[in-house]
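Spelled out from the first residue to the last, the chains are:
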Amino acid sequence: MKIILRTIVSASCLAAVLALTASTAQAVNVLVDPSFEAGGFPQQPNPIVVGGVGGGWAQFGASITTVAAQSGTHSAAIADNTWNPQGLYQLLPASPGQNFDLSAYYMTSNPGVSGSATPALVQISFFDSTLTGIPGAAFGNWLALGAANTWVKSPDVIATAPAGTAYVGAYLMMMDNNAANGLNFYFDNAVMTVPEPSTLALLGLGMAGTLIWRRRQ
């Protein structure tokens, strides 16, 4: 009996490991032109309409520049925002229950002129089929600036699509709350993946099997 149980547990653990490995390999970046190397914003004018979902970035106060880049030759630049949020975003199809993980690199050349302790925002927002924002379904991290000319990777924003979701938005924004102070800000190498919950379930199965086997020993 112990041999049979040990075999079952081993198989469960192996399945969990294989599923985790496969999921990691399949965790592709779903964003279009995440490093801005295309050199422009294909979604114009802002805002993005339903027919433009999945077509790439739109901007509200952002531009593409070659002045700074975390890799490659381009990044998204945001000039002083005169009290209003500015940035860029793109929309993708989504379904209730899907998990999303968003991060990006950001940098400024002159952090000392900032009027806010945390002026940058990496955000996931969810929308219904009419592209109306779902109440309470915006998730993000306000970020402090690093040293001058130093790229910083944002913490991951992880969110689950609520009921009624048809689309997900990836937002990179800056709001400094200080008019005309000359803050130069950059985003680059954004990543949004869709982790598979089934992988976590299989991994849990393998761990549970291990605990059962140990108790039987």
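This is a predicted model, so every value here is computed, not measured.

(A) Molecular detail of the overall build of the chain. Looking only at helices and strands, one finds two helices and 11 strands in the chain. In the chain, the succession of α and β elements from N to C terminus is α-β-β-β-β-β-β-β-β-β-β-β-α. Across the 217 residues of the chain, 41% fall into the buried class. In the chain, of all internal contacts separated by at least 6 residues, the share reaching a separation of at least 24 is 79%.

(B) Structural detail: the pattern of salt bridges. Going through the model one piece at a time under the given rule, you end up with one salt bridge. In this structure, Asp156 and Lys153 form a salt bridge, with 3.1 Å as the shortest nitrogen-oxygen distance. The class for Asp156 is partly exposed, based on a relative accessible area of 37%.

(C) Fine view of the side chain of Asn189. Positionally, Asn189 belongs in strand 11 (residues 185–193). Asn189 gets classed as buried once you look at its relative accessible area, which sits at 13%. At a separation of 2.5 Å, a polar atom in the side chain of Asn189 contacts the side chain of Ser35. Side-chain polar atoms of Asn189 contact the side chain of Gln70, separated by 2.4 Å.

(D) Here's a closer look at the packing of aromatic side chains. All told, the structure shown has seven aromatic pairs when counted by the stated rule. When the ring of Phe100 is compared with that of Phe126, the centres are 5.9 Å apart and the planes differ by 55°; the resulting orientation is tilted. A residue pair is termed long-range when its members are at least 10 positions apart, and Phe100 in strand 5 (residues 99–108) and Phe126 in strand 6 (residues 120–127) qualify at 26 residues. Here Phe100 falls in the buried class, since its relative accessible area comes to 3%. The class for Phe126 is buried, based on a relative accessible area of 1%. Between Tyr106 and Phe185, the aromatic rings sit 5.9 Å apart at their centres with planes inclined by 15°, giving stacked as the arrangement. Of this pair, Tyr106 sits in strand 5 while Phe185 sits in strand 11, and the two are 79 residues apart along the sequence. With respect to burial, Tyr106 and Phe185 carry one shared label: buried. Of the aromatic side chains, those joined through ring pairs into one cluster are Phe60, Tyr89 and Tyr171.

(E) Region of interest: the environment of Leu172. In this structure, Leu172 sits in strand 10 (residues 167–174). Classification of Leu172 as buried rests on a relative accessible area of 1%. Filtering out sequence-adjacent residues up to four positions away, Leu172 remains in contact with Phe36, Trp57, Ile78, Gln86, Gly87, Leu88, Ala104, Leu121, Val122, Phe187 and Ala190.

(F) Region of the structure containing the nonpolar core. The biggest cluster of nonpolar side chains holds 34 residues, and the ones touching the most others in it are Leu88, Phe126, Leu172 and Phe187. Elements represented by at least two residues in this core include exactly strand 3 (75–78), strand 4 (86–93), strand 5, strand 6, strand 7 (133–143), strand 9 (157–160), strand 10 and strand 11. The next biggest cluster of nonpolar side chains, apart from the first, holds 11 residues, and it includes Val53, Tyr89, Leu121 and Leu131.

(G) Just unusual backbone geometry, in detail. You will see that Phe36, though not glycine, has its phi angle at about 65°, which is positive. At Asn149, a residue that is not glycine, the phi angle is positive and equals roughly 60°. Mapped onto the elements of the fold, Asn149 is located in the loop between strand 7 and strand 8 (152–153). Take Asn149: its relative accessible area is 52%, and that puts it in the exposed class.

(H) A look at the sheet that holds strand 10. The antiparallel open sheet is built from five strands, whose spatial order is 1-4-10-6-7. Looking along the sheet, the strands with just one partner apiece sit at the ends: strand 1 (58–60) and strand 7. Going across the sheet, the axis of each strand differs from the next one's by a mean of 20°, ignoring polarity. The pairing of strand 6 with strand 10 spans eight bridges and is antiparallel.

About the cut-offs
Residues numbered from 1 in each chain as written. Predicted model: local features only at pLDDT ≥ 70, side-chain atom pairs only at ≥ 80, totals over all residues. Heavy atoms only, no water. Helix = DSSP H or I, 4+ residues; strand = E, 2+ residues; numbered from the N terminus. Buried < 20%, exposed > 50% of the residue type's maximum accessible area, 1.4 Å probe, protein only. Contact = heavy atoms within 4.5 Å. Salt bridge = Lys/Arg side-chain N within 4 Å of Asp/Glu carboxyl O. Polar contact = N/O pair within 3.5 Å; in protein donor to acceptor, adjacent residues only side chain to side chain. Phe/Tyr/Trp six-rings, centres within 6.5 Å; stacked < 30°, edge-to-face > 60°. Core = buried A, V, L, I, M, F, W, Y, C linked by side-chain atoms within 4.5 Å. Pairing = 2+ DSSP bridges. Axes fitted to C-alpha atoms, helices over the stretch in contact; angles between N-to-C directions.

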